[in-house]
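Here is what each chain is made of, one letter per residue.
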Amino acid sequence: MRFNRSRSRQHPALNRLQAAGSALVLAAALSLGSAQAADQGPRHHAGGTYDAATATYVVTKGDDLIEIGKRFGVSATELKEWNGLASDTIDAGETLKVAADSSASAATPANQYKMTTDIAPGVATPDTLDTSIGTLHLRDGVPSADSIETIYDNLDRSRALQAYLLGIPIVNQASMRDSLKEFGPVNQTDVIWEELVDSRTVELTANDNTIYNFIWIDTHDGPVVLEVPPKSLGAIDDFWYRWVTDIGITGPDKGEGGKYLILPPGYKGEVPEGYFVVRPSTYGNWAPFRTFLVDGSPKPGVESVKQHLKIYPLADAANPAPTTFANASGISSNFVFPGDYSFWELLNQVVQEEPSTGSDPTTLGLFAAIGIEKGKPFEPDARMKAILEDAAKIGAATARSLAFKMREKDAYFYPDSQWRLPFFGGYKFEVAPGVANLDGAAFFYFFATGVTPAMAEKMVGKGSQYPWTALDADGSPFDGAKTYKLHLPPNIPVKDFWSVIVYDTQTRSMLQTDQRFPSVSSQNENLQANPDGSVDVWFAPEAPAGKEGNWIQTIPGKGWFMILRLYGPLEPWFDQTWRPGEIELQP
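Residues numbered from 1 in each chain as written. Predicted model: local features only at pLDDT ≥ 70, side-chain atom pairs only at ≥ 80, totals over all residues. Heavy atoms only, no water.

Colleague: Now, about the overall build of the protein: what can you tell me, with residues and values included?
Modeller: Across its full length, the protein holds 11 helices and 29 strands. Relative to the globule expectation of 25 Å for 587 residues, the C-alpha radius of gyration of the protein, 34 Å, shows a markedly less compact shape. Principal axes of the C-alpha set define a box for the protein whose edges measure 110 × 65 × 45 Å. Across the 587 residues that make up the protein, the buried fraction comes to 47%. For the protein, the share of sequence-separated contacts (at least 6 apart) that also reach a separation of at least 24 residues comes to 69%. As displayed, the protein offers around 28,600 Å² of accessible surface, 52% of which is attributable to carbon and sulfur atoms. If you average the places of the 50 positive and of the 71 negative side-chain charges in the protein, the two averages end up 7 Å apart. (Helix = DSSP H or I, 4+ residues; strand = E, 2+ residues; numbered from the N terminus. Rg over C-alpha atoms; globule rule 2.2 N^0.38 Å. Buried < 20%, exposed > 50% of the residue type's maximum accessible area, 1.4 Å probe, protein only. Contact = heavy atoms within 4.5 Å. Areas by Shrake-Rupley, 256 points an atom, 1.4 Å probe, with all protein chains shown as cover. Lys, Arg positive; Asp, Glu negative; His and termini not counted. Charge placed at Lys NZ, Arg CZ, Asp CG, Glu CD.)

Colleague: A description of the sheet that holds strand β4 (residues 128-131) should follow, citing residues and the corresponding values.
Modeller: Spatial strand order, β4-β5-β6: three strands in an open sheet with antiparallel pairing. Across the chains shown, the open sheet's two edge strands, defined by having one partner strand only, are β4 and β6 (142-143). Where strand β5 (residues 134-139) lies against β6, two bridges are found, and the strand directions are antiparallel. Across the sheet, residue arginine 139 finds its bridge partner in β6, namely valine 142. Relative to β5, helix α5 (residues 145-181) is tilted by about 130 degrees, and along the sheet it contacts β5 and β6. (Pairing = 2+ DSSP bridges. Axes fitted to C-alpha atoms, helices over the stretch in contact; angles between N-to-C directions.)

Colleague: How would you summarise the side chain of aspartate 504 if you had to cite specific residues and measurements?
Modeller: On the secondary structure map, aspartate 504 appears in strand β24 (residues 494-504). What makes aspartate 504 buried here is its relative accessible area of 9%. A polar atom in the side chain of aspartate 504 sits 2.7 Å from the backbone nitrogen of glutamine 506. (Polar contact = N/O pair within 3.5 Å; in protein donor to acceptor, adjacent residues only side chain to side chain.)

Colleague: Hey, could you go over the packing of aromatic side chains for me, with residue numbers and the actual values?
Modeller: Per the counting criterion, the structure on display carries 38 aromatic pairs. Between the aromatic rings of tyrosine 212 and phenylalanine 214, the centroid separation amounts to 5.5 Å while the plane-to-plane angle is 40 degrees, which identifies the pairing as tilted. Of the two residues examined, tyrosine 212 and phenylalanine 214, each falls in the buried class. Consider the rings of phenylalanine 423 and phenylalanine 444, whose centres lie 4.7 Å apart with planes at 25 degrees: the pair is stacked. Taken together, the residues phenylalanine 423 in the loop between α9 (382-404) and β19 (430-432) and phenylalanine 444 in helix α10 (residues 438-447) connect sequence positions 21 residues apart. (Phe/Tyr/Trp six-rings, centres within 6.5 Å; stacked < 30°, edge-to-face > 60°.)

Colleague: Mind laying out the nonpolar core, listing which residues take part and the relevant values?
Modeller: Across soluble globular proteins, you tend to see nonpolar side chains buried next to one another. Formed by 76 residues in total, the largest nonpolar core has its most connected members in Ile168 and Trp344. Other than its neighbours up to four places away in sequence, tryptophan 344 contacts Ala160, Ala163, Tyr164, Ile370, Ile372, Phe378, Leu388, Ala391 and Ala392. Core analysis: the next-biggest nonpolar cluster, separate from the first, contains 25 residues, Leu488, Val502, Leu566 and Trp573 among them. (Core = buried A, V, L, I, M, F, W, Y, C linked by side-chain atoms within 4.5 Å.)

Colleague: Would you mind going over the sheet that holds strand β23 (residues 484-488) in detail, with residue names and values included?
Modeller: Spatially, four strands are ordered β27-β26-β23-β29 in an open sheet, and the strand pairing comes out mixed. Two strands close off the open sheet at either side, each with one partner strand: β27 (551-553) and β29 (584-585).

Colleague: Break down the pattern of salt bridges for me, citing the residues and quoting the values.
Modeller: In the structure shown here, the tally under the stated rule is 15 salt bridges. Close ionic contact of glutamate 571 with lysine 458 constitutes a salt bridge, the shortest N to O distance being 3.1 Å. Linking glutamate 571 in helix α11 (residues 571-574) with lysine 458 in the loop between α10 and β21 (464-465), this pair joins segments that are 113 residues apart in sequence. Judged by its relative accessible area of 52%, lysine 458 falls in the exposed class. (Salt bridge = Lys/Arg side-chain N within 4 Å of Asp/Glu carboxyl O.)

Colleague: Could you give an account of α5, with specific residues and numbers?
Modeller: Since the α-helix advances by 3.6 residues per turn, residues separated by three or four positions end up pointing in the same direction. Taking 1.5 Å of rise per residue, 37 residues should cover 54 Å, and α5 covers 50 Å from first to last C-alpha, within 8% of that figure. Along its length, α5 reaches its greatest deviation from straightness, about 50 degrees, at isoleucine 168, and the proline proline 169 lies no more than four positions downstream. (Expected span 1.5 Å × (residues − 1). Bend = angle between axes of the 7 residues up to and from the residue.)

Colleague: So what about the environment of arginine 565? Which residues, and what values?
Modeller: Within the secondary structure, arginine 565 sits in strand β28 (residues 560-569). On the basis of relative accessibility, which here comes to 2%, the residue arginine 565 falls in the buried class. In this structure, the C-alpha to C-alpha distance between arginine 565 and asparagine 207, residues 358 residues apart in sequence, is 8.8 Å. Beyond its immediate stretch of four places on either side in the chain, arginine 565 contacts Thr205, Ala206, Asn207, Asn209, Gln465, Tyr466, Phe497, Trp498, Ser499, Ile501 and Tyr503.

Colleague: An account of the pairing of strand β15 (residues 284-292) is needed here, citing residue identities and associated values.
Modeller: Extensive coverage of β15 is indicated by the burial of eight of its nine residues. Taken together, the nine bridges between strand β9 (residues 210-218) and β15 define a ladder with antiparallel strand orientation. Across the sheet, isoleucine 217 pairs through a bridge with asparagine 285, a residue of β15. As paired elements, strand β11 (residues 233-238) and β15 share four bridges and run antiparallel to each other. Considered in β15, the bridge of aspartate 238 is made with asparagine 285.

Colleague: Mind laying out helix α7 (residues 342-353), listing which residues take part and the relevant values?
Modeller: Relative to the 16 Å expected for 12 residues at 1.5 Å per residue, α7 spans 17 Å between its end C-alpha atoms, a close match to the ideal helical length. Listed in full, the buried residues belonging to α7 are Phe343, Trp344, Leu346, Leu347, Asn348, Val350 and Val351. Those residues of α7 hidden inside the fold are in contact with α5, α8 (361-369) and α9.

Colleague: Tell me about the pairing of strand β10 (residues 224-228), residues and numbers included.
Modeller: Across the five residues that make up β10, a large majority, five, are buried. Of the two faces of β10, the one lined by Val224, Leu226 and Val228 and the one lined by Val225 and Glu227 are each fully buried. Bridge count for β10 against strand β13 (residues 258-262) is five bridges, and the pairing is antiparallel. Across the sheet, the residue bridging to valine 228 is glycine 258, located in β13. With four bridges connecting them, β10 and strand β16 (residues 310-313) associate as antiparallel partners.

Colleague: I'd like to hear about unusual backbone geometry, residue by residue, with values.
Modeller: The backbone of histidine 45 shows a phi angle near 70 degrees, a positive value even though the residue is not glycine. Relative to the helices and strands, histidine 45 is located in the loop between α2 (12-32) and β1 (49-51). Positive phi is not limited to glycine here, since phenylalanine 429 has a value of about 55 degrees. In this structure, phenylalanine 429 sits in the loop between α9 and β19. Owing to a relative accessible area of 4%, phenylalanine 429 belongs among the buried residues under this scheme.

Colleague: Tell me about the environment of lysine 181, residues and numbers included.
Modeller: Inspection of the secondary structure assignment puts lysine 181 in helix α5. Relative accessible area serves as the criterion here: at 46%, lysine 181 is assigned to the partly exposed category. Between the C-alpha atoms of lysine 181 and tryptophan 216, which are 35 residues apart in sequence, the distance is 8.1 Å.

Encoded structure:
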């Protein structure tokens, strides 16, 4: 590196004169730069002349404030304020200030320095921003103290809302676990509806056509064995509510029954032979399954469960304790998760119990951003608690909007129809491989329980399909005071049976009326078919004359929705050569 030594040996007086001259030049530059604008160049509706020395712009014909503001990186509101304009009207030839006259924000123009680069449009942020959360104020790109407070409040609110929607499946499972524990200890108890689920059970979109069995498995103390009965249909879902495996007819035992060994996350111990081995990513797991009626009776299915079902720790395999069977039929019980502030407390409980590897960094990062982080106490201050209470309200309303009026066309079975898919994005809730379908997941887990490919994939003659709707043929929500009719064309494509069940829009559970079972099914002895084999199902506060066997009671002043279940669906369902009619309001 070379140095100019001669300059350093100049006379001190000369150095002082040069410094004074530089100061005068700098002062002059600053005085000229007291109002500077970032001119991005002429454009359509902002093609007039700009004077950099005075930071003024001469309006030309066809100009408008919005485009002028875009040219100079300011808002139309700022232009009106600086020029005393009462409206957006400007005239050709008018001179406008396009930068604030503020010595505090003045800066030496970049072209006064040797090292300059023209800054691309959009890089700089104006000192005033009109936004949906209010007017934000910045100084040379740095937000003011009051704006920073507003921004952080908005950031915490937005993260809390997303955390709520992502937390719905976890809290759904947590509520299920807590409800099942009221009937008996985990790893030992089967909550069974021996006389079917009726409307006294508040459970998300349950059916009254099959014999429900709910089991909670916890592997914190080691592997657990689940021996399932033959001719059952079910699955195991982990605590994050992701599908782990099917059991029964669509599982590896293929309906013959068998022993499933559920291992803890990261289990390194010996795995004995003779089991279907299951490796969930969480300690807590839900194992629901169903058995079926025989000649309209649940008794054979119940007897099969009590004969074959066993739940016990692997360590006790040589001498397992008897399985406890808790009959929940006819008992008032609640399995639906809360949507208020207690939602967050349940979510925190699961995050503390389960390994972080079971989830993903983004989801856990959102939870941590609102104070829910593994190994740390959940102790929000008054400000954050208010934000979380508000987010729970907005989150619940958002989930209901997704449920009752989904805006995505792919959520529907047919064009110009109200029939909805239960799995919007498949059982993995993806819009494409590896891309989450956020709306589909939030809707489903708010609305239902039990995730398995058998409910979403094409399995002709096996599994089940669940078309449903909350809107009539005209797209209006159902009114419990009015009469509606569903027409099911002849040759309903099922190998086994079909049913229609009505649900409460508040609880998403069976509508509680004078009918124990708010349903019509091909299993019903008093079902009336039309001469051509088609079936009409009626929804009304009172049964239409002569239609009692095909009628489901509704309640004036209360909303409802319904699910059409197809068990063992056949090809005409999948190729859509058969489709149900829209539900029509009757005169």
